[in-house]
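Coordinate analysis (summary)
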Amino acid sequence: MADFKMDADHSGLALERGVQGVLGAGLDRSEGALKVSGVARYGYEHPLAGEVAYGYLITAPAAKGRITGFDTDTARGLPGVLDVIVDDPRIPRQAAAFVPAHAGNDEIDHWDQIVGVAVATSFEAARDAAKSVTMTIAPEQGHFDTMAGVGDASGPPKDSRLQDMAKGDIDAAMADAAVTIDQVYTTPNQVHAAMEPHASVAVWEGDTLTLHSSLQILHAAKGILAKSVGIEADKVRILSPYIGGGFGGKMLGPEAVLAAIAAQKVGRPVKIAMARSQLFHNVYRRTDTHQRIRLAADKDGKLTALAHDSVVSQGPDGGFMEPVALGSIALYDAPVRHFTHKIVTLDMVQAGAVRAPGEAVGMLALETAIDELAEALGRDPIDFRKLNEPPVDPMTGAPFSTRALVECLDKGAERFGWANRASQPGQVRDGEWLIGMGMAAAVRINLLVDSQARVTLSPDGRARIETDMTDIGTGTYTILGQIAAESLGLPMDCVDVILGDTDLPPGAGSGGSFGAASAGSSVALACEDIVATLAERMQADPKDMTLKDGHAIAGNRRVPLSELVGSEPLAALGKISQGSNAKTFSQAAHGAQFAEVAVNSVTGEVRVRRMLGVFEAGRILNAKLARSQAIGGMIWGIGYALMEEAVLDQRHGAFVNHDLGEYHIPSHADVPPLDVLFVEHIDRHANPIGVKGLGELSISGAGAAVTNAIYNACGVRVRDFPLTLDKILGGLPDM
Amino acid sequence: MQFTINGETHDVEPDIRASLLDVLREHVGLTGTKKGCDHGQCGACTVLVNGRRINSCLTLAVMHQDDDILTIEGLGSADNLHPMQAAFVKHDGYQCGYCTPGQICSAVGMLDEVKKGWPSHVSDKLDSVSLSNDEISERMSGNLCRCSAYPNIVDAISEVSGLTPAQKEAADA
Ligand code: FES
Ligand code: FES
């Protein structure tokens, strides 16, 4: 087994010597034809033999209280109804993240809480039955206002990625500074809104449970599901070959547990898809944030202090904290630094991870504040950032693994035409539209997690990659194939990638942008072993052997791999794990975001006209798919800047806009042409293949580039996200 | 009930309350058409009924017994892709792929609407409609993509529609 712990840089992979020419190439997605022709089957769509039952979740119309009784008689009497389950102690209250969700439906702790499931022979009957269940509730007053509860707030949980930290005296630094900014920025509750709802099919065979679902990290989900259902983990198998978007939300949905419980009770497979409205209240949200940012600078534009102090919310028993300041910690040099978080517990669905926890919302505030400070100093925002570029991690003093922020800023400025930006707001007009340009830095911490993959080279010269890693739209099928093809010298069509099955070696799963680096390294490592065996059979040193087009070439000999393999397949397991490099080096991916917007001088409407993202995320494994990841994140930035907000009804603790018609995410017409440029520096300290996370980097700062452009267009600075037109209108200059 | 789907006749006995979407997915086994919201708000369930794009979640199956229903599976197959499907692959007009069948069916229906001269909210003139990237974006806005592949989707549609880069610019200007 090729087992590598990242305690030091890897000495050099076969991948690096590869001459197949597929690594990095902008190849089409390998599963593309299956997706565009509709035959790729997502969890809910797995074909089943025999009789199937449908489940529909029953939810409670209250945010806090006790259920004193259910009336299920009407529901049970409806044609086709098999069971109405409201009395099972395992009924989960919401989605699980890293541990099983709280179970039991006697207590209601958030609006629309799941309290059971109706099971029937058709979807229509199950839905009708679920809606026919009534319950009596002894209500209690809930608390839904984050800032009203700040007096009782707690600090970061012990196991949180981010603890409070301080260096120097922030109050003194603010008092002494030539120029300061002290502002509060707020962001609202937000949801994942993956197009595929959480959906599962549970099938029991004896005491063994198979779940067809749509999950991001399968081996973790397996443990949580087993515990939630009350069986041993080795009795559970989960399959998620295709996943209709995750964005952090698909760890283990409540419908998975209820499908398992229901299937056990009715003795046939049970399918449950959560209704769109149920997702809003039963899958963890991204918390609202209240961020105070203090910046101090001397008259030459050097930052002397940076403080980012946040208040966030959480539901009952939620262990997660949105690490709002994550991006702020090492982005700019300043001797005095201060980062804190307070958590207010509300009677709401828990808060959890949504794409780029921390940076996605923290960078909206920080990068707006930096724009404000640069303006107060009379400096160009790009020059200001370059002036405050830290030589080493300003918090720990550790060297950066790689850092190319300045290069991203410079390349972006040139490509975007930053020199044409009017430094004073409100100077450029196009008819009734005011035009402006803005920019922001992007940063996302870089992670590596344990990941395993098996690579098998068969006698017919084909390679097979197997891991329970997932592809949530990120391109895993393609990039793992590219890594193996490059390492083993095979054309892409000779590599099969099998993912999303817990019977396969446990992979990283998808989350935290660690997937490509972790799963990719495990595949490259497994290939190391195979290459070593091939070299032995060629009687050559691996370094002197070339692998190309299914042949090994060494010492004037060119031998087909099928011949070298012989009759027994060659198999190897690759395993990567994080090591001391995580501490020795400060690791993050960086970038620069640019936006041009038009603000309507009459209505306050904002149209994004163009955007550019320049990103440094280590080695780029597939130019086409990397660009897609990047534009996806940038468009999330447009959403966060301009429209996304789950609006909370303070009376009932319910999101009033719990559907895709009213919770606005960007649609086609909101999105202009987007330009993406990669600055490629292979990060050898980060992981063996030199990759850094990209999918979350691209959202970081994107929204702030848009709102800074709004300020440049019309001179209105809004600190309460999203910047809907009502907030802009009042500040517009007279016509 | 009898349905004509992708040129084939299917006899099924769905619940009278079943949407066309659920009949396709649960009774006929054509799961290429996706359910994203079940409320007509996302477009994932778009199919072509008598050549027109509709949200199949918003219509009862029982109303379509005499209709000609075309789904993503009928447009082309994995080894014989429709030009729109092939263009989505080429331009990476998707990521997770869940909104994709709806986007593709919608795009095919949309181009036909343009051919028939139907104007949109962004059309300059009501009587002579010409395609541009702005027109494509406007007309495709009923199809949400949370992976946010929008620019690539527009590129794919624009290629199939035969817009040359020069035409696109001229029309957008
Ligand atoms: S599922 Fe029909 S529009 Fe969303
Ligand atoms: S490709 Fe994932 S939602 Fe469009």
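Residues and elements named next belong to chain A. When you line up the elements, V117 lands in strand β6 (residues 114-120). Separated by 268 residues in the primary sequence, V117 and R385 have C-alpha atoms spaced 54 Å apart. In this structure V117 touches G55, Y56, L57, I58, D83, V84, I85, L258, A262 and I272, once residues within four positions along its chain are discounted.

Attention now goes to the interface of chain A and chain B. One frequent convention defines the size of an interface as the accessible area lost when the parts assemble. The interface is formed by 58 residues belonging to chain A together with 53 residues belonging to chain B. For the pair chain A and chain B, the summed buried surface comes to about 4,300 Å²; carbon and sulfur atoms form 55% of the total. One salt bridge in this structure joins E644 of chain A and R146 of chain B, with 2.7 Å as the shortest N-O distance. Applying the counting criterion to the chain A and chain B interface returns 30 residue pairs in polar contact (both at pLDDT 80 or more). Among the elements of the structure, α2 (32-36), α4 (123-132) and α16 (623-642) of chain A are those that each provide at least two residues to the side of chain A that touches chain B.

Time to look at the domain arrangement of chain A. Residue and element names in this part refer to chain A. Split by domain assignment, chain A resolves into domain 1 (2-40 + 457-578) and domain 2 (355-447 + 584-728). Here domain 1 and domain 2 have C-alpha centroids that lie 34 Å from each other. Of the roughly 2,100 Å² buried between domain 1 and domain 2, counting both surfaces, carbon and sulfur atoms make up 56%. In this assembly, domain 1 and domain 2 are joined by three salt bridges. The residue E16 makes a salt bridge to R619 at a minimum N-O spacing of 3.4 Å. Viewed at the interface, domain 2 and domain 1 are joined by eleven residue pairs in polar contact (both at pLDDT 80 or more). Where the side of domain 1 that touches domain 2 is concerned, the elements lending two or more residues are β1 (2-6), α1 (14-17), α12 (476-488) and α13 (515-537).

Residues and elements named next belong to chain B. Side chains T46 and L48 of strand β3 (residues 46-49) all project onto a buried face; the interleaved residues V47 and V49 project onto the opposite face, where all are buried too. Across four bridges, β3 lies against strand β4 (residues 52-55) in antiparallel orientation. Counterpart to V49 in the pairing with β4 is R52. Sheet analysis places β3 next to strand β5 (residues 68-70), joined by two bridges and oriented antiparallel. Directly across from V49, in β5, lies its bridge partner I69.

Summed over the entire model, instances satisfying the criterion amount to ten aromatic pairs over all chains. With centroids separated by 5.6 Å and ring planes inclined at 70°, the aromatic side chains of F280 of chain A and Y663 of chain A adopt a geometry described as edge-to-face. Of this pair, F280 of chain A sits in helix α8 (residues 276-282) while Y663 of chain A sits in the loop between β29 (654-655) and β30 (674-678); the two residues are 383 residues apart in sequence, bridging distant segments of the chain. Accessibility assignment for this pair places F280 of chain A and Y663 of chain A in one class, buried. Between F615 of chain A and F678 of chain A, the ring centres sit 6.4 Å apart and the planes meet at 45°, which makes this aromatic pair tilted. Within this pair, whereas F615 of chain A is found in strand β27 (residues 606-616), its partner F678 of chain A is found in strand β30, the two being separated by 63 residues in sequence. Classification of F678 of chain A as partly exposed rests on a relative accessible area of 22%. Ring pairing ties together the aromatic residues Y42, Y242 and Y477 of chain A together with Y98 of chain B, which thus form one cluster. Here R610 of chain A stacks its cationic end above the ring of F416 of chain A, 3.8 Å away from the centre of that ring. If you follow R146 of chain B out to its NZ or CZ, it ends over the ring of W636 of chain A, 3.7 Å from the centre.

Attention shifts here to the pattern of salt bridges. Two side chains that carry opposite charge are able to pair once their charged atoms sit near each other. All names here are of chain A. In this structure the tally under the stated criterion is 55 salt bridges over all chains. Note that D7 and K5 form a salt bridge whose closest N and O atoms lie 3.7 Å from each other. The exposure class of D7 is partly exposed, given its relative accessible area of 41%. By relative accessible area, which is 45% here, K5 ends up partly exposed. The residue D347 makes a salt bridge to K64 at a minimum N-O spacing of 3.7 Å. Here D347 is found in the loop between β16 (336-345) and α9 (359-377), whereas its partner K64 is found in the loop between β2 (53-59) and β3 (65-71), with 283 residues between them in sequence. For K64, a relative accessible area of 23% puts it in the partly exposed group. In the salt-bridge network here, residues are joined through shared partners; they are E16, R619 and R684.

Calculation criteria
Residues numbered from 1 in each chain as written. Chains lettered and ligands numbered in written order. Predicted model: local features only at pLDDT ≥ 70, side-chain atom pairs only at ≥ 80, totals over all residues. Heavy atoms only, no water. Helix = DSSP H or I, 4+ residues; strand = E, 2+ residues; numbered from the N terminus. Contact = heavy atoms within 4.5 Å. Buried area = accessible area lost by both parts, 1.4 Å probe. Salt bridge = Lys/Arg side-chain N within 4 Å of Asp/Glu carboxyl O. Polar contact = N/O pair within 3.5 Å; in protein donor to acceptor, adjacent residues only side chain to side chain. Domains from an automatic or database assignment. Buried < 20%, exposed > 50% of the residue type's maximum accessible area, 1.4 Å probe, protein only. Pairing = 2+ DSSP bridges. Phe/Tyr/Trp six-rings, centres within 6.5 Å; stacked < 30°, edge-to-face > 60°. Lys NZ or Arg CZ within 6 Å of the ring centre and 35° of its normal.

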